[in-house]
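An overview of the molecular structure
Here is how the chains run, residue by residue.
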Amino acid sequence: QPDVLLDLGSEPCCMGIDEAGRGPVLGPMVYGAAFAPVDKDQSLRKLGFADSKTLSEDKRDKLFEVIKKTDYIGWMTVSLSAAELSNKMLQKNKYNLNAISHDTAIEMIQRALS
């Protein structure tokens, strides 16, 4: 399914980014982000949105369905393959997993702002 990027103009927004995976040893790293206008904060809390580590897998699945049906929530995903991660980490100028994660998050923020 394609990412859903919203044009929120200059409206102040909040954004959450999370990652899952073990990197080049066990497969891809997958990043997900969601963003919405700041003035929707209470609505999001009432729907049950919170730190993903505090939510069950079933609750996260249900909230993703809410995200897909809610017109004021934008979202995107990025998947970095194990091969891509290995290539970056083994290049002459070392690029560690923390730096890769940081740069991926920055790219997602820039994409949401564009």
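The following refers to the structure shown.

Cut-offs applied
- Residues numbered from 1 in each chain as written.
- Predicted model: local features only at pLDDT ≥ 70, side-chain atom pairs only at ≥ 80, totals over all residues.
- Heavy atoms only, no water.
- Pairing = 2+ DSSP bridges.
- Helix = DSSP H or I, 4+ residues; strand = E, 2+ residues; numbered from the N terminus.
- Axes fitted to C-alpha atoms, helices over the stretch in contact; angles between N-to-C directions.
- 1 Å grid on protein atoms, 1.4 Å probe; cavity = no way out; pocket = protein on both sides within 12 Å on 5 of 7 lines; lining within 4 Å.
- Points joined across faces, edges and corners; volume = space filled by probe spheres on them.
- Nonpolar A, V, L, I, M, F, W, Y, C, P; charged D, E, K, R; others polar.
- Buried < 20%, exposed > 50% of the residue type's maximum accessible area, 1.4 Å probe, protein only.

1. Observations regarding the sheet that holds strand β3 (residues 74-80)
Reading across the sheet, the three strands line up as β1-β2-β3 and stay open at both edges, with antiparallel pairing between neighbours. Of all strands in the sheet, those bounded by a partner on one side alone are β1 (13-20) and β3. Strand-to-strand twist of the sheet, defined as the mean angle between neighbouring strand axes without regard to direction, takes the value 15 degrees. Direction of pairing for β1 relative to strand β2 (residues 29-37): antiparallel, over a ladder of eight bridges. Opposite G16, over in β2, you have A34 as the bridge partner.

2. Points about the layout of surface pockets
Approximately 1,000 Å³ is the volume found for the largest pocket. Around the largest pocket sit 32 residues that line it, and G16, A34, F49, S52 and I67 are the ones nearest its centre. When residues of the lining of the largest pocket are traced back to their parent elements, those giving at least two are β1, β2, α1 (41-47), α2 (57-69) and β3. Surrounding the second largest pocket, 13 residues form its lining, L8, C13, F35, A112 and L113 being those nearest its centre. Each residue belonging to the lining of the second largest pocket can be placed in one class, and the counts come to nine nonpolar, two polar and two charged.

3. Some points on the environment of E11
Among the secondary structure elements, E11 is positioned in the segment before β1. The exposure class of E11 is partly exposed, given its relative accessible area of 35%. Once the C-alpha coordinates of E11 and I106 are considered, the two residues, 95 residues apart in sequence, prove to be 19 Å apart.

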